[in-house]
Amino acid sequence: MEQNLQYFLIPFLSWEMMMLIWVGVFAGIWVGAIPGLSVTMAASLLISFTFSWDLNSALALICGVFVGGVYGGSITAILLNIPGAPAAIATGIEGYPLAQRGEAGKAIGLCTTVSVFASFVGILALSVAAPVIANFSLKFSPRDFFLLAVMGILLIGSIGGGDPIKGITAGAIGVLLSMVGMDPSTGELRYTFGNIYLMAGISFVTAMIGLFGVSEALTQFRNAGKKSPKQNLDRIIPSWTTFLKYLPLSIRSSLLGVFIGALPGTGGDVAALLAYDQAKRTVRHPSRPFGTGAYEGIVAPETANKGAIGGAFIPMLTLGIPGDAVTAIIIGALYIHGLKPGPMLMIETPHLFWMIVSCLSIASVALMVLGLVSVKPFAKIIEIPKEIIMPVVIILSVIGTYAIQNSVVDIFYMIGFGIIGYFLRLYGYATGPMVLGLILGPMLDANYRRAMQGAENQILPFLEGFLTNPISLFLTLSIVFLIVSQTSFYRRWRGLE
Amino acid sequence: MRKLGVALLMAGVLAGAAFGAYPEKNIQGYIMWGAGGAMDNVSRAIVPIAQEHLGKTIILQNRTGATGAIATTFVANQPADGYSILFGAENPNLYKVTGLSQIDYDQFEPVFLMMANVGVVIVSKDSPYASYRELIEAAASGKTITMGSTGPGGLPYVATTMIEKIHGVKFNKMQFDGEGPCITALMGGHIDAVAVGLLAAANFIHSGSVKGLAMISSERIESVASVPAVTEAYEEYRPYLPWGAFFGAFVRKETPAEVLDVLRSAFAKAFQDPRFDEFAKTMGGVKLGITGEDAKKYIKQNQSVAAWLLYDAGGAKFSPADFGIERPQAK
């Protein structure tokens, strides 16, 4: 115990590590805020030049970037309706209307505060319950991942705008597009029409930049010349009463984030979307109706994606299995530094665990300070005339897309999606469901087939699994509940209508 | 005439810039398997050292899917200028016979083969099977055994086919995106056993998270000496051995020789670097370190064993003979 404390204190006693964490958070916030430059990319670029450093410094910087980057993605979602990363899609739905009302400062302030809180929930879960959660996450079978994806698809009801038919249509197009390319298990070509560029499939990040970034910019041009709403920046930090009011929701959503983050292969994006949906269904008296600027709709996804940070480290540090894309990169970095990421990590290098816990804690404090300090400059962005800011967004979208894999073809894809998105919006289709379909399509596809293979391709044993396995049963019942809870009968009974 | 001279001069300058100073911009590296797997780990270990000798960054990304055919096809369609490197394993050797793709290593020039990998059959630590013999006998008795796999052509697929053929058994198979996810599923109890490369499994065997039942080789491997060689239980494996995977870096065949030399020398230097030695030891793999004609011969040998094995087992759509792949000679 005393030794663990010593390990925990390492970053506190080193000026260099301290500084690197703060630099990492700062860089993460700004890079994460740029459409197209996601936290995953920031981490992978940074890691390549930390190879020659000593391990402690490299980890300090990476932890900082991770925490800052996840947060940064939400800022542009609130200010410009352009999420910097998939984890911020839900935040934009409520955040942008708030910014339009002149409450951007208050929204970002709340977002920062609950983010820091959730980040600590994740760190706490990591430090006290890592082995338990890791073993639990292993129990999730392909069937359960399939059910999680189905649950995600139901989100279309939440983020699809008013018209369910239009939401489902956009979502179905997204799923269809995600099938383009080589079949992941047999290698058969699907919807490629013999075109080589279609073989590798359509990256959802490219699609997201187009559908959110460029299409939003194009839509905004229609508003060029209009005056931007004046921002009220008097009270940025939420009061204790406000914080306490959202505390139960914050705790619930951050724990959800921890669990989803700890599942191998799912990260903050799925966590944030599920948490938003969960809030929308369960919060009885939101500050405003959902979709028009409900603060609950910011708290839930923001706490979930921050909780997922600590969560993602759980399987990585205990089992050597990455919890999400960023931890996968960190595993690679540990190898370079001569460590054995995997089940031996905790046994052979126990200091690493507590040092990461400590770096993440410092990063969360840094996020609080740097986040709140940048609220004012950030909120000013929104007051910049649209005819200036939107071309900048388009340029950044092009750079961001190109930077993913230095592919010019991706830029064409991105612009194509931007134009499709523009017309979708024009005719009242939300773009969110399409991105959702692109993200969840492969997860549905691969896990359905794995679950089927596990049941030896027999339909009855396959269906039986949904009822006999406790996790599957719980998820199945949750989905049934999600559907029932949408019926007017249930809503009247609960007093939601 | 003067215009032509200027044009020629400019063309000369451009050509000089293109070939003289390779690499003059960052290089893209495409890893055909997912993060955390052996291919990924080997690539991410050698690249940072190799790029010190290149003076430019090799930006790595995982382009997974279809047992690596997506990355292979992708790089084969990039310009042959040395700015797109394929980090590939043995999988493309089977693309033609499985009908997966017409593009395999015939279209590539090996830059360097870094490591070799040996298959190991593992079960979870709570598994009822304490030995390889018990597992095989359970399968032979008609019990359903679900094995993890990574799609036609991957090491798990070929190894499983080999086992099925030798013992006349049939496994139920579940497909994952890589060896890492296979091990995760094994630890969670979603599959009964899986044959993966030792590089991905070594740390899990050392920690006791999984049990190693048999190495698919004719002798024990030093780094996991507690795991018996498969021939200790069944002599029938001997004609197929040695067989395994390899991890290398490749560029398109038409890549200029000067560019290839620069890359080869950078990778060779990185390979000899003590840091890579340390990595190889940590991972528990077998260092290979061959290039040029040797590497091509090695790849051809591997292809001949795996392709004919798969074909004889009925796992191939086309005969290796159709593509001029020779049957392995009995030793």
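Predicted model only: the values in this text are computed from it and were never measured. (Residues numbered from 1 in each chain as written. Chains lettered and ligands numbered in written order. Predicted model: local features only at pLDDT ≥ 70, side-chain atom pairs only at ≥ 80, totals over all residues. Heavy atoms only, no water.)

*Asks:* Just to check I follow, could you spell out the overall build of chain A for this structure?
*Replies:* Looking only at helices and strands, chain A has 24 helices and 2 strands in total. Against the compact-globule benchmark of 23 Å for 497 residues, chain A has a radius of gyration of 22 Å, which places it among compact chains. When the backbone C-alpha atoms are referred to their principal axes, chain A occupies close to 60 × 60 × 55 Å. Looking at chain A residue by residue over its 497 residues, the buried ones come to 61%. For chain A, restricting intrachain contacts to residue pairs at least 6 apart in sequence, the fraction spanning at least 24 positions comes to 78%. Carbon and sulfur atoms make up 70% of the accessible area of chain A, which totals about 19100 Å². (Helix = DSSP H or I, 4+ residues; strand = E, 2+ residues; numbered from the N terminus. Rg over C-alpha atoms; globule rule 2.2 N^0.38 Å. Buried < 20%, exposed > 50% of the residue type's maximum accessible area, 1.4 Å probe, protein only. Contact = heavy atoms within 4.5 Å. Areas by Shrake-Rupley, 256 points an atom, 1.4 Å probe, with all protein chains shown as cover.)

*Asks:* What should I look at first to understand the packing of aromatic side chains in this one?
*Replies:* Geometry of an aromatic ring pair is reported as the spacing of the ring centres plus the angle between the planes. Enumeration over the complete set of coordinates arrives at 30 aromatic pairs over all chains. Aromatic side chains Trp-30 of chain A and Phe-378 of chain A sit 4.6 Å apart centroid to centroid with 25° between the ring planes, which places their arrangement in the stacked category. Residue Trp-30 of chain A is found in helix H2 (residues 15–33), and its partner Phe-378 of chain A is found in helix H18 (residues 375–381); the two are separated by 348 residues along the sequence. According to the relative accessible area criterion, Trp-30 of chain A is partly exposed, its value standing at 35%. Residue placement shows Lys-166 of chain A over the ring face of Tyr-429 of chain A; its charged tip is 5.3 Å from the ring centre. The ring of Tyr-234 of chain B has Arg-133 of chain B sitting right over it, with the charged end atom 4.6 Å from the ring centre. (Phe/Tyr/Trp six-rings, centres within 6.5 Å; stacked < 30°, edge-to-face > 60°. Lys NZ or Arg CZ within 6 Å of the ring centre and 35° of its normal.)

*Asks:* Mind showing me how you'd approach the sheet that holds strand E11 (residues 286–290) of chain B here?
*Replies:* Within a beta sheet, neighbouring strands are joined by backbone hydrogen bonds and run either parallel or antiparallel to one another. All names here are of chain B. With mixed pairing, the 6 strands of this open sheet are ordered in space as E2-E1-E3-E10-E4-E11. Pairing within the sheet leaves two strands with one partner each, and these edge strands are strand E2 (58–62) and E11. Averaged over all pairs of adjacent strands, the angle between strand axes in this sheet comes to 20°, irrespective of strand direction. Bridge count between strand E4 (residues 108–117) and strand E10 (residues 245–252): 8 bridges; the pairing is antiparallel. Bridge pairing in E10 links Ala-116 to Phe-246. Running at roughly 65° to E4, helix H12 (residues 292–312) makes contact with E4, E10 and E11 of the sheet. (Pairing = 2+ DSSP bridges. Axes fitted to C-alpha atoms, helices over the stretch in contact; angles between N-to-C directions.)

*Asks:* Looking at this structure, I do not really get a nonpolar patch on the surface. What am I missing?
*Replies:* Residues and elements named next belong to chain A. There is a patch of nonpolar side chains on the surface, built from Trp-22, Phe-120, Val-365, Val-369 and Val-373 and spanning about 410 Å² of accessible area. When residues in the nonpolar patch are grouped by element, the largest group, 3 residues, is from helix H17 (residues 350–373). Mapped onto the elements of the fold, Val-369 is located in helix H17. (Patch = residues over 30% accessible without salt bridge, like charges linked within 9 Å, V, L, I, M, F, W, Y side chains within 5 Å. Salt bridge = Lys/Arg side-chain N within 4 Å of Asp/Glu carboxyl O.)

*Asks:* I tried to follow the packing of helix H13 (residues 268–282) of chain A against helix H14 (residues 296–319) of chain A on my own but got confused; where do I start?
*Replies:* Helix-helix packing is described using two parameters, namely the angle between the two axes and the distance between the axes. All names here are of chain A. Orientation of H13 relative to H14, taken along the N-to-C sense of each, is 150°, at an axis distance of 8 Å. By the criterion of interaxial angle, the relationship of H13 to H14 is roughly antiparallel. Crossing of H13 against H14: the hand is right-handed. Of the residues in H14, those in contact with Gly-268, Ala-271, Ala-272, Ala-275, Tyr-276 and Ala-279 of H13 are Glu-296, Gly-297, Ala-300, Pro-301, Ala-304, Asn-305 and Ala-308. (Parallel < 35°, antiparallel > 145°, perpendicular 65-115°, else oblique. Left-handed = near helix turned anticlockwise from the far one by under 90°.)

*Asks:* I would appreciate a short explanation of the pattern of salt bridges in the present structure.
*Replies:* Note on pairing: side chains with opposite charge can pair once their charged atoms come close. For the structure on display, the rule yields 22 salt bridges over all chains. Among the salt bridges present, the one from Arg-449 of chain A reaches Asp-445 of chain A, with a minimum N-O distance of 3.2 Å. Taken as a pair, Arg-449 of chain A and Asp-445 of chain A lie in helix H21 (residues 432–454) at a separation of 4 residues, close to a single helical turn. By relative accessible area, Arg-449 of chain A is classed as partly exposed at 22%. A salt bridge links Arg-238 of chain B to Glu-235 of chain B, with the shortest nitrogen-to-oxygen separation between them at 2.8 Å. For Arg-238 of chain B, a relative accessible area of 40% translates into the label partly exposed. Within this structure, Lys-96, Asp-104, Asp-106 and Lys-300 of chain B form a network of salt bridges that share partners.

*Asks:* What's the story with the confidence of the model for chain B in this structure? I'm lost.
*Replies:* In regions of low pLDDT, the predicted coordinates are not meant to be interpreted in detail. Summing up the model confidence of chain B, the mean pLDDT is 83 and the portion of residues at 70 or higher is 90%. Here residues 8–19 of chain B is a poorly scored stretch, pLDDT under 50, and it has 6 contacts once near neighbours within four places are set aside; other chains count. (pLDDT = per-residue confidence, 0-100.)

*Asks:* When you look at the domain arrangement of chain B in this model, what are you seeing that I'm missing?
*Replies:* A common way to state how big an interface is: give the accessible area lost once the parts meet. All names here are of chain B. You can read the domains of chain B as domain 1 (24–117 + 244–323) and domain 2 (119–240). Taken together, the 25 residues of domain 1 in the interface contact 23 residues of domain 2. Regarding the contact of domain 1 and domain 2, the summed buried area is about 1800 Å², with carbon and sulfur atoms giving 68% of it. Sorting the residues of domain 1 by area buried against domain 2 places Asn-117, Met-283 and Leu-309 first, and these three jointly supply 28% of that buried surface. (Domains from an automatic or database assignment. Buried area = accessible area lost by both parts, 1.4 Å probe.)

*Asks:* Looking at this structure, I do not really get the interface of chain B and chain A. What am I missing?
*Replies:* Across the boundary between the two partners, chain B contributes 38 residues, which contact 36 residues of chain A. Across the chain B to chain A interface the summed buried area is about 3400 Å²; carbon plus sulfur atoms make up 62%. It is Gln-175, His-190 and Asn-203 of chain B that lose the most area in chain B upon contact with chain A, and together they represent 14% of the buried surface on that side. Where chain B touches chain A, the interface holds 1 salt bridge.

*Asks:* I tried to follow the side chain of Thr-113 of chain A on my own but got confused; where do I start?
*Replies:* All names here are of chain A. Mapped onto the elements of the fold, Thr-113 is located in helix H6 (residues 104–138). Looking at Thr-113, the relative accessible area reads 13%, which means it is buried. Ignoring any residue separated from it by four or fewer positions in sequence, one finds Thr-113 in contact with Pro-238, Phe-243 and Met-368.

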